[in-house]
Amino acid sequence: MHTNKFIGLGATALRSNFTRLQLPYKLNFAITMRCQSRCLHCSIWQLKPTGELTIEEIREFAKKNNSFKWVELTGGEPFLRSDIVEIARAFKEESRKLYVLTMPTNSLCSNELVVSRLTEILKLGIPRVVMTLSLDGHREVHDRVRGVPGNFDRVMALARKFTEMKKEYPGFSFLFGYTINKFNEGQLIRTVNEVMKELPGTTANDFHINLAQNSSNYYHNENSQVKAASDDMVAELEQFLKMRRMQMEPMQLVEGAFLKNLLVFAKTGKQPMKSRSLEASLFLDSWGNIYPSIMWDKKIANVREVGFALGKVWSGREAEEVRSAIKRGEEPVQWTSCEAYQSIVGNVGSLL
Ligand code: SF4
């Protein structure tokens, strides 16, 4: 059964190479913009969001759009939503072919709360659940970049709990999500080494790397200088890539292609390949606004205004205009994992 869902995800992703999908197979959904962190490279924590989608509205959305095979529940801090289990349940129950659920956490909710809610989610029976623990430096740097003393140690404590949970739930795994930014330049390799000491058994393959970017509709950091200097990013990435081991597991192959292209992006500042925004995926914010991607401030519609069904939006004029703009090479330059994975699998030659 799980194998069928995996094949279903792979087949849909490959099909997106050749044909327009009737609906997206990946949903990037910021379920709340509340956040208790104080990151230097992201301004989401400064928002005071009200009027976010309710659980009833999310259920309605999940019911009317039941083709997702991959759902990313992000934030803000997603575990600040007390109904996160119900949200996961809604997608699991409605999208019958759902194969993978991915979620980040900043490790600032109590570990007991995260473990307890995650355990409930794992019991739903989604074949793969992947958590990303945000980690932007070794102890001193992470706490400074995140603006919360003690945050590094909380990440390590949660990672130890997750390591235990992996033994009980074979479909569960986790990664450290590291964002190279202006405030942690040159600290990646030391961070990886420090975590390997703290948590024996950890390897560079347990790290997922992003580059800090600006976006007005997501990070709300359009007026801040958050990017690291290009030469420094390139040097860190090249060193990091040497630490990674080649693994034939499909997600690791895609991650390897993502990183290879991240290096191209860091070197050139150019997008390595056309995105699959509004072909394979879309971004839904916590108020129901639909965007092509988390980096593209072009609102297509609001699910509250279209009865929560994506069908008409997906084939509507606004979406067609976005697709034409992508074909003309006019989309904002971006290379984030939320969109890049679909681009890689949707441009299958990039895996070779
Ligand atoms: S990067 Fe994550 S943890 Fe930091 S402010 Fe933004 S949403 Fe919050």
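Cut-offs applied
- Residues numbered from 1 in each chain as written.
- Predicted model: local features only at pLDDT ≥ 70, side-chain atom pairs only at ≥ 80, totals over all residues.
- Helix = DSSP H or I, 4+ residues; strand = E, 2+ residues; numbered from the N terminus.
- Rg over C-alpha atoms; globule rule 2.2 N^0.38 Å.
- Buried ≥ 20, exposed ≤ 12 C-beta atoms within 10 Å, placed from the backbone.
- Contact = placed C-beta atoms within 7 Å.
- Pairing = 2+ DSSP bridges.
- Right-handed = clockwise from strand over helix to strand, strands pointing away.
- Core = buried A, V, L, I, M, F, W, Y, C linked by C-beta atoms within 7 Å.
- Near = placed C-beta within 6 Å.
- Nonpolar A, V, L, I, M, F, W, Y, C, P; charged D, E, K, R; others polar.
- Expected span 1.5 Å × (residues − 1).
- Arc of directions from axis to C-beta.
- Axes fitted to C-alpha atoms, helices over the stretch in contact; angles between N-to-C directions.
- Parallel < 35°, antiparallel > 145°, perpendicular 65-115°, else oblique.
- Left-handed = near helix turned anticlockwise from the far one by under 90°.

A. Structural view of the overall build of the protein. Regarding its fold elements, the protein presents 12 helices and 9 strands. Here the C-alpha radius of gyration of the protein, 19 Å, is about what a compact globule of 352 residues would show, namely 20 Å. Taken over 352 residues, the protein has a buried fraction of 43%. Expressed as a percentage of contacts within the protein between residues at least 6 apart in sequence, the contacts between residues at least 24 apart total 78%.

B. Expanded view of the environment of A229. Here A229 shows up in the loop between β6 (207–211) and α8 (230–243). Residue classification places A229 among the exposed positions, given that 11 C-beta atoms sit within 10 Å. As for A229 and A157, which are separated by 72 residues in sequence, their C-alpha atoms are 32 Å apart.

C. Here's a closer look at the pairing of strand β4 (residues 128–134). Bridge analysis of strand β3 (residues 100–105) against β4 gives 6 bridges, and the strand direction is parallel. The residue bridging P104 from the neighbouring strand is T132, located in β4. Regarding topology, helix α4 (residues 111–122) serves as the crossover connection from β3 to the parallel β4, and that connection is right-handed. Across 6 bridges, β4 lies against strand β5 (residues 172–180) in parallel orientation. Paired with T132 across the two strands is L175, which belongs to β5.

D. The arrangement of the sheet that holds β4 in detail. Taken together, 9 strands build an open sheet; the order of strands is β6-β5-β4-β3-β2-β1-β7-β8-β9 and the sheet is mixed. Among the strands making up the open sheet, the edge pair consists of β6 and β9 (301–302).

E. Molecular detail of the pairing of strand β7 (residues 281–284). Neither face of β7 is exposed, since S281 and F283 on one face and L282 and L284 on the opposite face are all buried. Of the strand pairs in this sheet, strand β1 (residues 26–30) and β7 are connected by 4 bridges, and their pairing is parallel. Looking across to β7, one finds that F29 is bridged to L284. Across 2 bridges, the pairing between β7 and strand β8 (residues 289–291) is antiparallel. Residue pairing in the sheet places L284 in a bridge with I290 of β8. Between β7 and β8, which pair antiparallel and follow one another directly, the connecting turn spans 4 residues, one of which, G288, has a positive phi of 90°.

F. Seen up close, the nonpolar core. The biggest cluster of nonpolar side chains holds 90 residues, and the ones touching the most others in it are V71, L73, L101 and L133. When sequence neighbours within four positions are dropped, the list of residues in contact with L73 reads F29, I31, P78, I84, I87, A88, L101 and M103.

G. Up close: the site of the ligand. The local shell around the ligand consists of C35, S37, C39, C42, I44, W45, G75, G76, E77, N106 and S134. In terms of residue class, the shell around the ligand is made up of 5 nonpolar, 5 polar and 1 charged.

H. A look at helix α12 (residues 337–346). Counted residue by residue, α12 has 10 buried out of 10 residues, so it is predominantly covered. Among all positions of α12, only S337, C338, E339, A340, Y341, Q342, S343, I344, V345 and G346 are buried.

I. α4, seen in detail. Between its terminal C-alpha atoms α4 stretches 16 Å, which fits the 16 Å expected from 12 residues at 1.5 Å a residue. For α4, every residue scored as buried is listed here: V114, R117, L118 and I121. Down the axis of α4, the sector holding all buried residues measures 100°, keeping them to one side. With respect to the buried face of α4, the exposed residues turned more than 90 degrees away are E112 and S116. On its buried face, α4 is in contact with α3 (84–94), β3, β4 and α6 (151–168).

J. Main features of the environment of E318. Mapping E318 onto the fold places it in helix α11 (residues 317–327). With 242 residues separating them in the primary sequence, E318 and G76 have C-alpha atoms 27 Å apart.

K. Representation of the packing of helix α2 (residues 55–64) against α3 in the model. Packing of α2 against α3 leaves a shortest axis separation of 9 Å and a crossing angle of 20°. Accordingly, the angle class assigned to the pair α2 and α3 is roughly parallel. Our pair here, α2 against α3, has a crossing hand that is right-handed. Taking contact as the criterion, the partners of I55, I58, R59, A62 and K63 in α2 are, on α3, E86, I87, A90, F91 and E94.

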